[in-house]
Amino acid sequence: MSTPNVIAIDGPAASGKTTLARRLAERLGYLFFDTGVMYRAVTLAALRQSVPVADQPAVEAIAESLEIDVRPPGLSDGRMYDVIVDGEDVTWAIRSRPVDAHVSQVSAYPGVRRAMTRRQREIGLRGKVVMAGRDIGTVVLPEADLKLYVVASQEERARRRYRELIDRGETADLEAIGEAMAARDRFDASRELAPMRPADDAHVLDTTALTIDEAVECALGLMES
Ligand code: CDP
């Protein structure tokens, strides 16, 4: 395969897809785009505006009008990018637990998906991009040249998310993290619109026993084969 122009990387929470996507983008000199931040930004905006997450039309209106900008990192505090929403840096705020708890409900709304998918497709079609999410290979960019679906065991994924939180100086409970993550995955996989699943032509990559470097090598190997 010649170097793919558009690479789609999907998979469940903490499977390693985002880190893999970022590292591949660095290696290839491509844009890295993590679509999860957009759904998280809409969720944060609803929570901050005290809009009930169950109020579908109100949440969809927020999704239509919100200005979400993702830029190269302006601070070296462990962030992969800056997420700016309506002029404010919300890079860490979108990782909060209330956002984790409500983002799946928000991202199942058709109006929210329509608004986000449109913007993501626009970015993806410019090419030289590695885009990570849940539905990139199936819905956002079905024409992607290379599709990876990244998985890892439930236990390993819970451990990774736990470590992330501890490294950020937060308190965390491994069991509770595992349960919340599993519930979010079930919701994402069973929703009607753009459910999380591998595209028919995706390569499934299990990172349970792989280091990040090994996962990157596997993906580069797939490009060469
Ligand atoms: O980092 P983590 O894998 O836990 O989550 P994320 O990639 O930031 O995505 C957060 C949530 O956004 C997911 O649980 C999905 O509900 C939603 N999402 C989606 O529906 N479609 C995408 N392409 C990306 C994220």
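First things first, this report covers the structure right here in the doc. Just so you know, these numbers come straight off a predicted model, no measurement behind them. (Residues numbered from 1 in each chain as written. Predicted model: local features only at pLDDT ≥ 70, side-chain atom pairs only at ≥ 80, totals over all residues. Heavy atoms only, no water.)

**What about the site of the ligand?**
Turning to step 1, where the next piece is worked out: For the ligand, the set of nearby residues contains 20 residues, the closest of which are K17, R40, R113, R184 and D188.
Turning to step 2, where the next piece is worked out: At 2.7 Å from an oxygen atom of the ligand is found a side-chain nitrogen or oxygen belonging to K17.
Turning to step 3, where the next piece is worked out: At 2.9 Å, a side-chain N or O of R191 approaches an oxygen atom of the ligand.
Turning to step 4, where the next piece is worked out: For the shell around the ligand, the secondary-structure elements that each account for two or more residues are α2 (36-48), α4 (97-107) and α8 (174-190). (Near = heavy atom within 4 Å. Polar contact = N/O pair within 3.5 Å; in protein donor to acceptor, adjacent residues only side chain to side chain. Helix = DSSP H or I, 4+ residues; strand = E, 2+ residues; numbered from the N terminus.)

**Things to note about the sheet that holds strand β1 (residues 6-10)**
Turning to step 1, where the next piece is worked out: The sheet built from five strands is open, its strands ordered β2-β6-β1-β7-β8 with parallel pairing. The sheet is open, and its two edges are formed by β2 (31-34) and β8 (203-206), each paired on a single side. Direction aside, neighbouring strands of the sheet carry axes that sit 20° apart on average.
Turning to step 2, where the next piece is worked out: Pairing between strand β7 (residues 146-151) and β8: four bridges, direction parallel. By the bridge assignment, V151 is partnered in β8 with D206. (Pairing = 2+ DSSP bridges. Axes fitted to C-alpha atoms, helices over the stretch in contact; angles between N-to-C directions.)

**So, the environment of G74**
Turning to step 1, where the next piece is worked out: Note on placement: G74 falls in the loop between β3 (68-71) and β4 (82-85).
Turning to step 2, where the next piece is worked out: Distance in space between the C-alpha atoms of G74 and V6 is 26 Å, their sequence separation being 68 residues.

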